[in-house]
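# A structural walkthrough
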Amino acid sequence: MDYVEAAEARAMGGMRLALTVGVPGPWSEAAKAIYHVKNIPYTPVAQYGGQANEDLVTWTGIANAPVAVFENEAPREKWIDILMQAERLKPEPRLLPQDPSDRARVIGLSNEICGEWGFGWCRRMMMLPPDPIEEEGTWKTLQERYGFSPEPYDQAPRRAAEILNLLTQVLEEQGTKGSKYFVGGELTALDIYWACFSQLLEPMAADKNPMNDMMRGVYTADDPAINAAKSPLLMKHRDHIYDAHLKLPLDF
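On a predicted model such as this, the values are computed, not experimentally measured, just so you know.

What counts and how
Residues numbered from 1 in each chain as written. Predicted model: local features only at pLDDT ≥ 70, side-chain atom pairs only at ≥ 80, totals over all residues. Heavy atoms only, no water. Helix = DSSP H or I, 4+ residues; strand = E, 2+ residues; numbered from the N terminus. Rg over C-alpha atoms; globule rule 2.2 N^0.38 Å. Buried < 20%, exposed > 50% of the residue type's maximum accessible area, 1.4 Å probe, protein only. Contact = heavy atoms within 4.5 Å. Areas by Shrake-Rupley, 256 points an atom, 1.4 Å probe, with all protein chains shown as cover. Lys, Arg positive; Asp, Glu negative; His and termini not counted. Charge placed at Lys NZ, Arg CZ, Asp CG, Glu CD. Phe/Tyr/Trp six-rings, centres within 6.5 Å; stacked < 30°, edge-to-face > 60°. 1 Å grid on protein atoms, 1.4 Å probe; cavity = no way out; pocket = protein on both sides within 12 Å on 5 of 7 lines; lining within 4 Å. Points joined across faces, edges and corners; volume = space filled by probe spheres on them. Nonpolar A, V, L, I, M, F, W, Y, C, P; charged D, E, K, R; others polar. Pairing = 2+ DSSP bridges. Salt bridge = Lys/Arg side-chain N within 4 Å of Asp/Glu carboxyl O. Polar contact = N/O pair within 3.5 Å; in protein donor to acceptor, adjacent residues only side chain to side chain. Core = buried A, V, L, I, M, F, W, Y, C linked by side-chain atoms within 4.5 Å.

Attention now moves to the overall build of the protein. Tallying secondary structure elements over the protein gives 12 helices and 3 strands in all. Over its C-alpha atoms the protein spans a radius of gyration of 18 Å, differing by no more than 12% from the 18 Å that the globule rule assigns to 252 residues. Expressed as a percentage of its 252 residues, the buried residues of the protein come to 50%. Considering only residue pairs separated by 6 or more positions, the protein has 69% of its internal contacts joining residues 24 or more positions apart. Of the roughly 11900 Å² of accessible surface on the protein, a fraction of 51% belongs to carbon and sulfur atoms. On the protein, the mean spot of the 25 positive side-chain charges and the mean spot of the 36 negative ones are 6 Å from each other.

Structure follows, in structure tokens:
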């Protein structure tokens, strides 16, 4: 990925997307995948994990990634805001169904993956050190940035497993209707979110996801409850979405 620094990107036009350098963060990968499907060109902007990112903060008010800035519009950092902006900028192909009931189902289940206390949020909590960090540094910054506390840390595996079981149930129901997708018979944002966030369960092989060994170990789930909820159907769905709709190998 050829990154532009935030200070330079600020003066550019079009879509600029701040992404964590060298890390396939699922929120970032999902934004990239949405832009890929919709053919929205963007300039990758460097964000450095666990660092202050002063120039990015000066420009957007946000230290994390992803951050999407289109022309002079306000920065978007939340998954739903990035998705809704993309739907407005490029209405086709649709990633949110036109039917209100299906649309609500896509957004609701996507929140179970991307939102607070969703699968990604829980897995990220599990990646942090289990005890509060006192010394200044990357881990302390990340704990403070993501609201670490012992209670959600202890509850995160069970919550993540519940979501995996729910997603498997949905795919099983869809399979009886002859569909390979979570909602309806076509690709939606929900399919993209699961494909990207599944890296926090079982990363794809190195030829598809060239993350380093340390990061691969961190991303791989190693909890009995989560492992019990990991179904082949979820992995099969992930592989289908990448093979049919997205771009490999990952570039970060």
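A few words now on the packing of aromatic side chains. As enumerated under the stated definition, the model contains 5 aromatic pairs in all. With a centroid separation of 4.7 Å and 40° between ring planes, the pair formed by W117 and W121 is classed as tilted. Residue classification places W117 among the partly exposed positions, given a relative accessible area of 27%. A relative accessible area of 11% places W121 in the buried class.

Tallying each qualifying case throughout the model produces 1 cavity of 30 Å³ or more. By volume, the largest cavity is sized at about 60 Å³. As for the largest cavity, its lining consists of W27, A30, A31, I34, P66, E77, K78, W79, I82 and Y193. Put simply, the parts of the chain that give the lining of the largest cavity at least two residues each are α2 (26-38) and α4 (79-89). The biggest single contributor to the lining of the largest cavity is α2, with 4 residues. Residues belonging to the lining of the largest cavity are distributed by class as follows: 8 nonpolar, no polar and 2 charged.

On to the layout of surface pockets. The volume enclosed by the second largest pocket comes to roughly 360 Å³. Lining the second largest pocket are 18 residues, with M1, K32, H36, Y42 and K247 sitting closest to its centre. Of all the elements, α2 adds the most residues to the lining of the second largest pocket, at 5 residues. Of the residues in the lining of the second largest pocket, the class split is 11 nonpolar, 2 polar and 5 charged.

Buried residues dominate strand β2 (residues 43-47), accounting for 5 of its 5 residues. Both strand β1 (residues 15-20) and β2 contribute to a ladder of 5 bridges, which runs parallel. Directly across from T20, in β2, lies its bridge partner Q47.

Turning next to the pattern of salt bridges. What the rule picks out here adds up to 8 salt bridges. Linking R158 and E162 is a salt bridge whose minimum nitrogen-to-oxygen distance equals 3.0 Å. Placement of the pair is R158 and E162 together in helix α8 (residues 150-175), with a separation of 4 residues, close to one helical turn.

Now for the side chain of Q47. Counting through the fold element by element, Q47 comes out in strand β2. Classification of Q47 by relative accessible area gives buried; the value is 2%. Polar contacts involving the side chain of Q47 include one to the main-chain carbonyl oxygen of A63, which spans 2.8 Å.

Counting through the fold element by element, D2 comes out in the segment before α1 (6-9). Judged by relative accessible area, D2 falls into the exposed class, the value being 70%. Distance from D2 to A46, taken between C-alpha atoms, is 8.9 Å for residues 44 residues apart in sequence.

Moving on: the nonpolar core. Y35, F119, I192, Y193, W194 and F197 are the most contacted members of the largest nonpolar core, which totals 65 residues. For F197, the contacting residues outside a window of four places in its chain are P26, W27, A30, I113, C114, F119 and G120. Membership of the second largest hydrophobic core comes to 10 residues, among which are V4, A9, A18 and V67.

Another point: unusual backbone geometry. Backbone torsion omega between A65 and P66 reads 0°, so that peptide bond is classified as cis. Assignment of secondary structure puts P66 in the loop between α3 (54-60) and β3 (67-70). Put simply, E92 and P93 share a cis peptide bond, and its omega is -5°. Its place among the elements puts P93 in the loop between α4 and α5 (100-114). In this model, N53 sits at a positive phi of 50°, which is unusual for a non-glycine residue. With respect to the element layout, N53 can be found in the loop between β2 and α3. Take N53: its relative accessible area is 9%, and that puts it in the buried class. Despite not being glycine, W117 shows a phi value in the positive range, around 65°. Tracing the backbone through its elements, the reader meets W117 in the loop between α5 and α6 (119-127).

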